[in-house]
Amino acid sequence: WMYFPCTHTSADFLVHLAFNHFVLNVPYYREMYRLNDHKMSLSRMTLTNWFAKGAAFTGNLIIESFKKRALTGDSIINYDETWCKVKVNSRFLKKYIWCLVNKERKIVVYCYEDGSRGRKVLKGILKDREIKARL
């Protein structure tokens, strides 16, 4: 069994929670009552935190895997930013999201780095790869 960092839950249990919540539309409070019937006393907030930490952990692994695969070798990468509206303190602000495309490997990765469109963000995402521009 694999336990996720900072939790006492297994991958199987998180998959069960995700399936019930997103496919069967079971709210966390109902899941909490169902688990209480099986002598497992958990709060709704504990279930929410476990799922959030597990999703962040596995999501980061998947995204890094996609980025590594897209950036291997001498692949030609297309990178561009586009704007989106982001709600910050009850106001919507214009922020930017980056899109990395590797047509050869058929991979698309979206990166949101605090809504910035600066070159520093692009260098942070691409790390030590050489940046070339084609007009």
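Scoring rules and cut-offs
Residues numbered from 1 in each chain as written. Predicted model: local features only at pLDDT ≥ 70, side-chain atom pairs only at ≥ 80, totals over all residues. Heavy atoms only, no water. Salt bridge = Lys/Arg side-chain N within 4 Å of Asp/Glu carboxyl O. Helix = DSSP H or I, 4+ residues; strand = E, 2+ residues; numbered from the N terminus. Buried < 20%, exposed > 50% of the residue type's maximum accessible area, 1.4 Å probe, protein only. Phe/Tyr/Trp six-rings, centres within 6.5 Å; stacked < 30°, edge-to-face > 60°. Lys NZ or Arg CZ within 6 Å of the ring centre and 35° of its normal.

Novice: An account of the pattern of salt bridges is needed here, citing residue identities and associated values.
Specialist: A complete count under the given rule lists three salt bridges for this structure. One salt bridge in this structure joins Lys67 and Glu64, with 3.7 Å as the shortest N-O distance. Of this pair, Lys67 and Glu64 both sit in helix 3 (residues 44-70), three residues apart, roughly one helical turn. For Lys67, a relative accessible area of 9% gives the class buried. Notably, a salt bridge pairs Arg117 with Glu81, separated by 2.9 Å at the nearest N-O pair. Linking Arg117 in the loop between strand 3 (107-111) and helix 4 (119-126) with Glu81 in strand 1 (residues 78-88), this pair joins segments that are 36 residues apart in sequence.

Novice: Can you tell me about the packing of aromatic side chains, naming the residues and giving the values?
Specialist: Geometrically, a pair of aromatic rings is defined through the distance of the ring centres and the angle of the planes. Applying the stated rule across the entire model yields five aromatic pairs. Taking 5.6 Å as the distance between ring centres and 45° as the angle between the ring planes, the aromatic pair formed by Phe22 and Phe51 counts as tilted. With a gap of 29 residues between them, Phe22 in helix 1 (residues 11-23) and Phe51 in helix 3 connect regions that are remote in the sequence. Under the relative-accessibility criterion, Phe51 is labelled buried at 15%. Between Tyr29 and Tyr33, the ring centres sit 6.4 Å apart and the planes meet at 80°, which makes this aromatic pair edge-to-face. On the criterion of helical spacing, the pair formed by Tyr29 and Tyr33 is a turn pair, its members being four residues apart in helix 2 (residues 28-37). Members of the aromatic cluster, each reached through a chain of ring pairs, are Phe22, Tyr28 and Phe51. In this structure, Lys94 is placed above the aromatic ring of Trp83, and the distance from its NZ or CZ to the ring centre is 5.3 Å.

The values reported here are purely geometric and, on their own, carry no functional implication.
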